[in-house]
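Given next are the chains, with one letter for each unit.
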Amino acid sequence: MIEAAQQLLAPWYLQIKFVHLVFVAVWFMSTSVAYRFYLVPILREWMKSPRDVDAVRMRNWAMERFDDGAILEHVAFPMLLITGPMLMIGGGWTPAQGWFAMKLVMVVLVFIPIEVMDYYLAHFAGNKEKIRARGDQQAYEAAMHTHWWFLMVSSPVVIITIPYVIYLVVVKPF
Ligand code: HEM
């Protein structure tokens, strides 16, 4: 079964890797400018004066836009989880290769848990626009605080682990 899949995928290895790489770029960078140069300054202003009407209005607008902006990242991630295993099978890579084992550890223990929470906060029950449409101000405030805390905690983690995974797969140090 694996042999048959490998024979099927091997001739397309570089094309699959091209698709994998394009979605790595979209996944890694699509929210970075919005986060660093829009969300962070706006949320910092809000934290300085949490009752200021304009600061709260800007916070709400920015967070709701950020929820939608994450769509690019959240389309790219499943594409990595599809093309990655295709490359693994097509290239005959196994966790016996240290770089690949460490990469899978990062994917399973870091990226997938963070993305599951990110999907929930941006598009499902945590989507701010949907909560606002329900008119539940308390839930809206709680969702804002939860998402902001999640971003403050998860951003330093991904800023380190994503370049590390790219280093692992390009340099294959062990
Ligand atoms: C989720 C985050 C992921 C990131 C950031 C990522 C990153 C990358 C990058 C940058 C490359 C290109 C390396 C090069 O051109 O030399 C690559 C290739 C590859 N990736 Fe991923 N990948 C991810 C997920 C996965 C998953 C889930 C798997 C497998 C289950 C996987 C398996 C592979 C394989 C086998 C290669 C080819 C290595 C080679 O030909 O040298 N990747 N990945």
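Whatever comes next refers back to the structure up there.
Note that the coordinates shown come from a computational prediction; the quantities given were computed from them, not determined experimentally.

(A) Focus on the coordination of the iron atom of the ligand. Summarising the metal site, the iron atom of the ligand is bound by the protein donors His20 (NE2) and Lys103 (NZ), whose distances to it range over 1.8 to 2.1 Å. Considering all six donor atoms around the iron atom of the ligand, angles at the metal cover 84 to 176 degrees and the coordination shape is octahedral. Highlighted residues: histidine 20 in helix H2 (residues 13-29) and lysine 103 in helix H6 (residues 98-122), separated in sequence by 83 residues. Exposure remark for histidine 20: the relative accessible area of 12% places this residue in the buried category. The exposure class assigned to lysine 103 is buried, which follows from its relative accessible area of 14%.

(B) Molecular detail of the packing of helix H4 (residues 53-69) against helix H8 (residues 137-171). Between H4 and H8, the shortest axis-to-axis distance is 11 Å and the interhelical angle comes to 65 degrees. By crossing handedness, the relation of H4 to H8 is classed as left-handed. Between H4 and H8, the contacting residues are Arg59, Asn60, Met63, Glu64, Phe66 and Asp67 on the first element and Tyr140, Glu141, Met144, His145, His147, Trp148 and Leu151 on the second.

(C) Representation of the side chain of histidine 123 within the structure. As for its placement among the helices and strands, histidine 123 is situated in the loop between H6 and helix H7 (128-134). A polar contact of 2.5 Å, which involves the side chain of histidine 123, links it to the side chain of histidine 74. For histidine 123, the contacting residues outside a window of four places in its chain are Asp67, Ala70, Ile71, His74 and Lys130.

(D) Representation of the pattern of salt bridges. Applying the stated criterion to the full structure yields seven salt bridges. The partner of arginine 57 in a salt bridge is aspartate 54, and the shortest N-O contact between them spans 3.2 Å. Remark: aspartate 54 and arginine 57 occur in helix H4; sequence separation between them is three residues, near one turn of the helix. According to the relative accessible area criterion, aspartate 54 is partly exposed, its value standing at 45%. In this structure, arginine 132 engages glutamate 64 in a salt bridge whose closest nitrogen and oxygen atoms are separated by 2.6 Å. In this pair, arginine 132 is assigned in helix H7 and glutamate 64 in helix H4, connecting sequence segments 68 residues apart. On the accessibility criterion, arginine 132 (47% relative accessible area) is partly exposed. Owing to a relative accessible area of 7%, glutamate 64 belongs among the buried residues under this scheme. Where salt bridges share partners, they join Arg65, Asp68 and Glu129 into one cluster.

Cut-off values and rules
- Residues numbered from 1 in each chain as written.
- Predicted model: local features only at pLDDT ≥ 70, side-chain atom pairs only at ≥ 80, totals over all residues.
- Heavy atoms only, no water.
- Donors = N, O, S within 2.8 Å, 3.2 Å for Na, K, Ca; no water.
- Tetrahedral: all angles 85-135°; square planar, octahedral: opposite > 155°, others 65-115°.
- Helix = DSSP H or I, 4+ residues; strand = E, 2+ residues; numbered from the N terminus.
- Buried < 20%, exposed > 50% of the residue type's maximum accessible area, 1.4 Å probe, protein only.
- Axes fitted to C-alpha atoms, helices over the stretch in contact; angles between N-to-C directions.
- Left-handed = near helix turned anticlockwise from the far one by under 90°.
- Contact = heavy atoms within 4.5 Å.
- Polar contact = N/O pair within 3.5 Å; in protein donor to acceptor, adjacent residues only side chain to side chain.
- Salt bridge = Lys/Arg side-chain N within 4 Å of Asp/Glu carboxyl O.

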